[in-house]
Amino acid sequence: MKIISDKNNLQVLHEDNHLIVINKRVGDIVQGDKTGDKPLSDVVKEYIKEKYNKPGEVFLGVIHRLDRPTTGIVIFARTSKALTRMNALFSNRETQKTYWAIVKNKPENSEDKLVHYLKRNEKNNTSKAHSKEVPESKIASLDYKLISSLNNYHALEINLHTGRHHQIRAQLSAIGSPIKGDLKYGFDRSNPDGGIHLHARKLVFTHPINKESIEIIAPTPNDSIWNAI
């Protein structure tokens, strides 16, 4: 996909009067949190304000989030109407999300459907994948397939059926294939940049205003493993 803009550490993949889509980089937080670090939402507001010479406060609605060590597609709403309608699309699972992940341990099956029951631990901000339902757990489902192998690493393409906390990370860990760099879910060492090799690769949805079908594809980060895969 053509990159519209790539300046001020901001890679814009799609932009119109109602939506703006960013290729998030490792370490970006989508929305402000207790760390006090500058969130991606503020960077996007500054970009819009400067590009369109907008006076006063810029409206920007956060529709969804990606984990801080994850890269890829994040979509924001530039109008309140778009925000309401996009929230409904995400809530009703009327979007198609595709992720890419790099793992060291090749899954037993080259493609499979994983169904687990995820229980979140608020204290350490993790989710545990159980094979059977346990108290306070939520069902989590995804499909994966092996798309490439390189020496010690394997690339998986993942389609989500549910949107649980740390779902991909927890489910791949549960089958013995934790994501590269993901210490929290069992990988043996961290990546130098503190990120993990999980990338929100593609998003397909119906535009909330003009009703056109939109397909966004985010380039993978520029590192040796992604480039080789």
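Note that this is a predicted model, so its numbers are computed, not measured. (Residues numbered from 1 in each chain as written. Predicted model: local features only at pLDDT ≥ 70, side-chain atom pairs only at ≥ 80, totals over all residues. Heavy atoms only, no water.)

## Topic: the side chain of His116
So, step 1. Tracing the sequence through the fold places His116 in strand β7 (residues 111-121).
So, step 2. In terms of polar contacts, His116 uses its side chain to reach the side chain of Gln171, at 2.8 Å.
So, step 3. Sequence-distant contacts of His116, that is, excluding residues within four places in its chain, are made with Ala129, His130, Ser131, Lys138, Ile139, Ala140, Gln171, Ala174 and Ile175. (Helix = DSSP H or I, 4+ residues; strand = E, 2+ residues; numbered from the N terminus. Polar contact = N/O pair within 3.5 Å; in protein donor to acceptor, adjacent residues only side chain to side chain. Contact = heavy atoms within 4.5 Å.)

## Side note on the pairing of strand β11 (residues 198-206)
So, step 1. Of all 9 residues that make up β11, 7 are buried, and the element is covered over most of its length.
So, step 2. Sheet topology places strand β5 (residues 71-77) next to β11; 2 bridges connect them, and they run parallel. The partner of Thr71 across the bridge, within β11, is His199.
So, step 3. Relative to strand β12 (residues 213-217), β11 is paired through 5 bridges, and the arrangement is antiparallel. Paired with Leu203 across the two strands is Ile216, which belongs to β12.
So, step 4. The hairpin formed by β11 and β12 contains 6 residues between the paired strands, and Lys211 there has a positive phi angle of roughly 65 degrees. (Buried < 20%, exposed > 50% of the residue type's maximum accessible area, 1.4 Å probe, protein only. Pairing = 2+ DSSP bridges.)

## Considering the environment of Ile102
So, step 1. Assignment of secondary structure puts Ile102 in strand β6 (residues 96-103).
So, step 2. The exposure class assigned to Ile102 is buried, which follows from its relative accessible area of 0%.
So, step 3. Taking the C-alpha atoms as reference points, Ile102 and Ile179, separated by 77 residues in sequence, lie 5.8 Å from one another.
So, step 4. Other than its neighbours up to four places away in sequence, Ile102 contacts Tyr153, His154, Ala155, Ile179, Lys180, His197, Ile225, Trp226 and Ile229.

## Focus: unusual backbone geometry
So, step 1. Positive phi, normally seen in glycine, also occurs at Asn53, with a value near 50 degrees.
So, step 2. Of note, Asn53 is situated in the loop between α1 (40-52) and β4 (61-62).
So, step 3. Take Asn53: its relative accessible area is 67%, and that puts it in the exposed class.
So, step 4. At Glu136, a position not held by glycine, the phi torsion is positive, near 65 degrees.
So, step 5. Glu136 gets classed as exposed once you look at its relative accessible area, which sits at 72%.

## Considering the pairing of β5
As a general feature of sheets, a regular strand has side chains that alternate between the two faces.
So, step 1. β5 sits mainly inside the fold: 7 of its 7 residues count as buried.
So, step 2. One ladder, built from 6 bridges, connects strand β3 (residues 19-24) with β5; its direction is antiparallel. Residue pairing for β5: Ile20 is matched across the bridge by Phe76.
So, step 3. Across 2 bridges, β4 lies against β5 in antiparallel orientation. Directly across from Val62, in β5, lies its bridge partner Phe76.

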